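# Architecture and fold: a report
Okay, here's what each chain looks like letter by letter:
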Amino acid sequence: MSNSRHLWHFHGGLKLPSNKAISTASPVAKALLPKRLIVPVQQHIGEAGQLQVKVGDSVLKGQVLAQASSYVSAPVHAPSSGKIVEIDELPVPHPSGLKALSVVIETDGEDKWIELTPILHPNTKSPAELRQIIRQAGIVGLGGATFPTAVKVNTGPHAEIDTLIINGAECEPSISCDDMLMRNYARDVISGCELIQYIVSARHCLIAIEDNKPEAIAALQEIINEKALHTIEVITIPTVYPTGGEKQLIKVLTQKEVPSDGFPSDIGVLVQNVGTAVAVHKAICLGEPLISRLVTVTGEGVLQPQNMDVLIGTSMSELIEQSGGYHKDAAKLIMGGPMMGFTLQTDHLPVTKACNCLLVENTAEKTPEAMPCIRCGACATVCPAQLLPQQLYWHASSKNFDLVQDYHLFDCIECGCCNHVCPSQIPLVQYYRFAKTEIWNMERDRIKSDHARIRHDFRQERLDREKKERDEKLRKKKELLAKKKQAEAAAKEKDGAPAEVDPKKAAIEAAMKRVKDKKAALKTEKDDAASPTKKSSDEKNTQE
Amino acid sequence: MSILIAVLTLALIAALFGLLLGYASVKFHVEGDPVVDKIDALLPQTQCGQCTFVGCRPYAEAIASGEAQINQCPPGGESTMLALSDLLGVEPLALDEEHADTPEKTVVYIDEETCIGCTLCIQACPVDAILGAAKQMHSIIESECTGCDLCIPPCPVDCIHIKPVKVEPDTWRWPQPDHGSTAPQAG
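Residues numbered from 1 in each chain as written. Chains lettered and ligands numbered in written order. Predicted model: local features only at pLDDT ≥ 70, side-chain atom pairs only at ≥ 80, totals over all residues.

On to the overall build of chain A. The helix and strand inventory of chain A stands at 15 helices and 17 strands. Relative to the globule expectation of 24 Å for 544 residues, the C-alpha radius of gyration of chain A, 42 Å, shows a markedly less compact shape. The dimensions of chain A, computed from C-alpha atoms along their principal axes, are 170 × 60 × 55 Å. Per-residue burial over chain A gives 42% buried out of 544 residues. Within chain A, contacts between residues separated by at least 24 positions form 72% of all contacts whose residues are at least 6 apart in sequence. (Helix = DSSP H or I, 4+ residues; strand = E, 2+ residues; numbered from the N terminus. Rg over C-alpha atoms; globule rule 2.2 N^0.38 Å. Buried ≥ 20, exposed ≤ 12 C-beta atoms within 10 Å, placed from the backbone. Contact = placed C-beta atoms within 7 Å.)

As C-alpha cells, then:
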C-alpha cells in the first residue's frame, strides 16, 4: 500500500550524505531534570505572550507562565514544578545572540503536574473546541517554523482541506529527532494525525517519510494496519534535500504548486510536522501542554551522539554533557542542521520549542574566501523554489531591494542548496537573509513614518483649530462690546438725553456738584457768621 | 477661396481643441502637487528640521520646487536619498560625511526626577509624543517618539536625554556579508 502512489518531483534539490545513523544507534534518552530551567516568553512567530507570574511564585509543571496576547500568539508553560527565581532579559538561541525576556525556574525535583483534563472522546467535541485546546497548550509548528498551530489549523470557512500532509520527511542531514519520534511514538503520531484530520475535516491524510527511514515507515504502517485506518496513508518518498520543505513536499505528493503569495490551504492542502501531531495528541488526549520535545544531539564533536527527550528551558550545555561531552576538536555549535541551522556563540542557552538539533562540528573548516561569481548557473539548477539565485545575489549585494523582490526573494526558503553547489563559495543565503531583514526593516520604518505623519498632521490641525477658536472668541468679544456700546448709545438717543450717559461720569459729576454745593453753602455760612455781629450791634442800637 | 476654407478649417479645429483643453483643465484639475505627496511619503517624518526646513512636508515642497537638494535629510540617510533620486530621476548625491552611514535610531527619555513640569517640551514635540501637564511630571511615549530631538533645547533643566532604540531579536537585521568586493554592482 505504501508505494502504490504516483509521486512527482520538485525542481532542483540535492542528494546529500544523511549522517543520521550516528544518532539513531542508541535509544532516546530522557534528559535529567535540570536545576534551573530558562523559559523564553516568546518561542513562536507572532506576538509575545503576557506574563502571568512574578518572581517568588511557586509553579507546577504545566502551569501557564505567559498567556497568548493576540490571535497569532502562543502561551508558554512551566516545564517542571518549582519556584520562579528570576524574570529578566536573558540570552536566547537566536542568530543575533541577543537577549529576550525569560522566566527562570528553580526546579524542586518533584516534577508535580497541574491538574490535567484529558479529553477521552475527542469526537464528541467540536473542531473549534479542540482548536482552543491546542491554543491553550501552546503548540507551535515543531518542524522549525514555530508558527502557532491553532492558527494554522483554523483554515477558515472558505478553504476546504482535501489533503492533510503529515511531514515526516526530515530531509536535512544529521537531524533524526522526527525519525526517532515516529519509531518510538508511532501510536501517538497516528492519534495526532486522526485528531488534526478531524479538526480540519480533511478527506485523507498522507504521512510522508523519506525512504532512508524504513523503521519509522514500518512502525507507522503497523499501527495503521492494526487500527484499520483507510484514510491515512504512509507514503515513502525519495530522499532528496529539501523534500521536507512545505511547498516541495506538496509538489512531490500532489503535483500541485502553492501560489507565490498564497498558502497551502488555497489549494486544499495543510502540512503539519510529525512532532506537532504528537504534541496535538498529548494536548487533547492527555491534557498536557507543550513542555518538552525531542532534540538530536549529534555531530563529530559530541562523544555519544543521541536523541534526547528534553524539557523546554534545559540548558544546551547539560545536553552536551549528558551526551558524553565535547570531542577535543569540537569547534562549532549549530542549532538546526548543517544546511539551515545557525551557529551559536555559547552553549549556555535554553532549548526552545524550535530547537530540533544541536550539531557540533569539529575543526570548523575555515570558510574559504569567496571568489567572484562566474555565472555558471549551478545555483539556479538546484534551487527548489525555481528562483534565480545569481540575480538575487547581485541585487542584494548592491542593496537594490526593489529588484530582489521582483526576483521573488520572499519565495526563497533559505535551504542553502545554492550555497552548497557554488564553486566560488559565495555565502549566497547570507545575502538573502540580509536583504530580507533589510526589507522588513524598511517596511517597519515606513509604517512608523506614516504613523508619525498622521500624528504630525493631526497636531497641526489641532493647533490651527485652537488658534482659530481663540481668534473667533476674541472677535466675538469685541463684537459684543461694540454692540453693547451701540445699543446704549441708541437707548440714550431715544430718551432724548444727551449722548453722555456714562454712569461713572455722572457719578463724578454728581460728586463734583455736591462738593461745589457744599463749598457754596460753606461760603454763605461764613458770610452769615460775619454779619450777625453787625446785625446784633444794629439790634443793640435799636434796643438802646 | 480654397485658402479661406483651409484657414477656416484650421481655425475651427484650433478652437475646438482649445475648448476641449480648457474643459479638461477644469474637469481634471489636481489639488496640490502630487509630486510633493510622493516625496513626503519617502521622508522619515521625524519633523526634526535638520534639513533646514520646518518639517518633512515643507522639505518635500522645497525639493519639488527645486529649492532644496535630495541629500539634506540626516535621519533618512542614504536609503532615503537613493529613494528620492529614484523617484525624481536625478543623480544620487553624497550625503554629508557625518550622515554617510545609516544613522542609529534613537528616542529620548525624560529624567522624571529632574522634570519640573514646564510643558515647554510638550509644545516642541511635533508628534504629540510627550504626556504631561503644567507642574506635573512629563514622560515620553516611546512608541510614538521619532527621535527628532526637538524637545531637548527648550528644556530649562536639561532632563531630556537621548538613548538608542533597543534591538530585539524580532527587529534584528542580518549583517551584510563582508566581501562586497566580489559583488559586481548591478546596473
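What follows continues from the structure just given.
What follows is about the overall build of chain B. The number of helices and strands found in chain B is 5 helices and 4 strands. Going residue by residue from the N terminus, the α and β elements of chain B occur as α-α-α-α-β-α-β-β-β. With the C-alpha coordinates aligned to their principal axes, the bounding extent of chain B is approximately 95 × 55 × 30 Å. Within chain B, the fraction of its 187 residues that count as buried is 23%. At a minimum sequence separation of 6, the contacts of chain B that also span at least 24 residues come to 57%.

Before going further, it helps to spend a moment on the sheet that holds strand E15 (residues 330-335) of chain A. Pairing between the strands of a sheet comes from backbone hydrogen bonds, and it takes one of two forms, parallel or antiparallel. Residues and elements named next belong to chain A. Strand order in this open sheet of 6 strands is E1-E14-E13-E17-E15-E16, and the pairing throughout is mixed. Each edge of the open sheet is held by one strand with a lone partner, namely strand E1 (29-30) and strand E16 (342-344). In the packing of helix H4 (residues 177-184) onto the sheet, contacts are made with strand E13 (292-298), strand E14 (306-311) and strand E17 (357-362), and the angle to E13 comes to roughly 125°. (Pairing = 2+ DSSP bridges. Axes fitted to C-alpha atoms, helices over the stretch in contact; angles between N-to-C directions.)

The next thing to look at is the domain arrangement of chain A. Residues and elements named next belong to chain A. Domain boundaries assigned for chain A yield domain 1 (1-30 + 125-290) and domain 2 (371-478). Taking only C-alpha atoms into account, the centre of domain 1 sits 33 Å from that of domain 2. Counting residues at the interface gives 9 residues for domain 1, matched by 11 residues for domain 2. Within the side of domain 1 that touches domain 2, the residues separate by chemical class into 3 nonpolar, 6 polar and no charged. (Domains from an automatic or database assignment. Nonpolar A, V, L, I, M, F, W, Y, C, P; charged D, E, K, R; others polar.)

All names here are of chain A. Here 3 strands make up an open sheet; going across it, the order is E3-E5-E6 and the pairing antiparallel. Across the chains shown, the open sheet's two edge strands, defined by having one partner strand only, are strand E3 (50-51) and strand E6 (76-77). Two strands pair when backbone bridges link them, and E3 and strand E5 (residues 64-67) are joined in this way by 2 bridges, in the antiparallel orientation. Bridge pairing links Leu-51 to Ala-66 in E5.

Each partner contributes residues to the interface: chain B has 27 residues there, and chain A has 30 residues. Among the residues forming the side of chain B that touches chain A, the class breakdown is 12 nonpolar, 11 polar and 4 charged.

A word on the nonpolar core. In globular proteins that are soluble, nonpolar side chains generally tend to be buried together. Residues and elements named next belong to chain A. In terms of nonpolar packing, the biggest core is built from 124 residues, with Ile-165, Val-189, Ile-207, Ala-208, Leu-220, Val-295 and Leu-358 touching the most fellow members. Of all the elements, helix H5 (residues 186-200) adds the most residues to this core, at 8 residues. Here this core spans two domains, and each of domain 1 (1-30 + 125-290) and domain 2 (371-478) adds at least three residues to it. Beyond its immediate stretch of four places on either side in the chain, Leu-358 contacts Val-295, Val-297, Met-316, Leu-319, Ile-320, Leu-333 and Met-335. (Core = buried A, V, L, I, M, F, W, Y, C linked by C-beta atoms within 7 Å.)

Our next topic: the environment of Val302(A). Residues and elements named next belong to chain A. Mapped onto the secondary structure, Val-302 falls in the loop between E13 and E14. On the basis of neighbour counts, which here come to 25 C-beta atoms within 10 Å, the residue Val-302 falls in the buried class. Taking the C-alpha atoms as reference points, Val-302 and Ile-133, separated by 169 residues in sequence, lie 38 Å from one another. Those residues in contact with Val-302 that lie beyond four places of it in its chain are Val-297, Ile-320, Ser-323, Gly-324, Tyr-326, His-327 and Val-360.

Looking now at helix H7 (residues 246-254) of chain A. Residue and element names in this part refer to chain A. Among the 9 residues that make up H7, 8 are buried, leaving the element largely enclosed by the rest of the structure. Among the residues making up H7, those that are buried are Glu-246, Lys-247, Gln-248, Leu-249, Ile-250, Lys-251, Val-252 and Leu-253. In this structure, the buried side of H7 is in contact with strand E9 (163-168), strand E10 (204-210), strand E11 (232-237) and strand E12 (269-273). Looking at the residues trailing H7, positive phi occurs at Gln-255, about 70°.

All names here are of chain B. One can read the domain layout of chain B as domain 1 (34-99) and domain 2 (106-164). Summarising the inter-unit geometry, the C-alpha centres of domain 1 and domain 2 are found 26 Å apart. For the side of domain 1 that touches domain 2, the per-class residue count stands at 1 nonpolar, 5 polar and no charged.

Below, the discussion takes up the packing of H4(A) against helix H8 (residues 274-286) of chain A. Packed helices, taken two at a time, are described by their axes: the angle between them and the distance between them. All names here are of chain A. Running from N to C, H4 and H8 point in directions that differ by 45°, and their axes come no closer than 9 Å. Judged by the angle between their axes, H4 and H8 are oblique. Contact with H4, carried on its side by Asp-178, Leu-181 and Met-182, involves Val-274, Gly-275 and Val-278 of H8 and no other residues of that element. Class assignment of the residues belonging to the contact of H4 with H8 gives a composition of 4 nonpolar, 1 polar and 1 charged. (Parallel < 35°, antiparallel > 145°, perpendicular 65-115°, else oblique.)

Once that is clear, we can look at the confidence of the model for chain B. Residues and elements named next belong to chain B. On average, residues of chain B score 85 in pLDDT, and 91% of them are at 70 or above. Within chain B, the lowest mean pLDDT, 86, falls on helix H4 (residues 77-88), and the highest, 94, falls on helix H1 (residues 2-27). Segment residues 180-187 is flagged for pLDDT under 50; beyond a separation of four residues in sequence, or across chains, it makes 13 contacts in the model. Predicted complex, confidence summary: ipTM 0.78, pTM 0.82. (pLDDT = per-residue confidence, 0-100.)

Looking now at the confidence of the model for chain A. Considering every residue of chain A, the mean pLDDT works out to 90; 94% of them sit at 70 or more. Segment residues 532-544 of chain A is flagged for pLDDT under 50; beyond a separation of four residues in sequence, or across chains, it makes 0 contacts in the model.

With that out of the way, let us pick up helix H2 (residues 127-136) of chain A. Residues and elements named next belong to chain A. Turning to H2, its buried residues number three or more, namely Leu-130, Ile-133, Ile-134 and Arg-135. Considering only its buried residues, H2 is in contact with helix H3 (149-152), H5 and H8. Positive phi shows up at Gly-138, right after H2, with a value of about 70°.

Let's shift gears to unusual backbone geometry. At the junction of Tyr241(A) and Pro242(A), the peptide bond is cis and its omega measures out at -5° in the coordinates. You can see Pro242(A) is positioned in the loop between E11 and H7. Unusually for a residue other than glycine, Asp111(A) sits at a positive phi of about 55°. Its location among the elements puts Asp111(A) in the loop between strand E8 (99-107) and H2. Notably, Lys135(B) is not glycine yet its phi reads approximately 65°, a positive angle.

Glancing now at the environment of Ser397(A). Checked against the element boundaries, Ser397(A) lands in helix H11 (residues 389-397). By the C-beta count within 10 Å, which is 24 here, Ser397(A) ends up buried.

Residues and elements named next belong to chain A. With 4 of its 5 residues buried, strand E2 (residues 36-40) lies for the most part within the structure. As judged from the 5 bridges shared by E2 and E8, these two strands associate in the antiparallel manner. Looking at the pairing, Arg-36 lines up with Glu-106 of E8.

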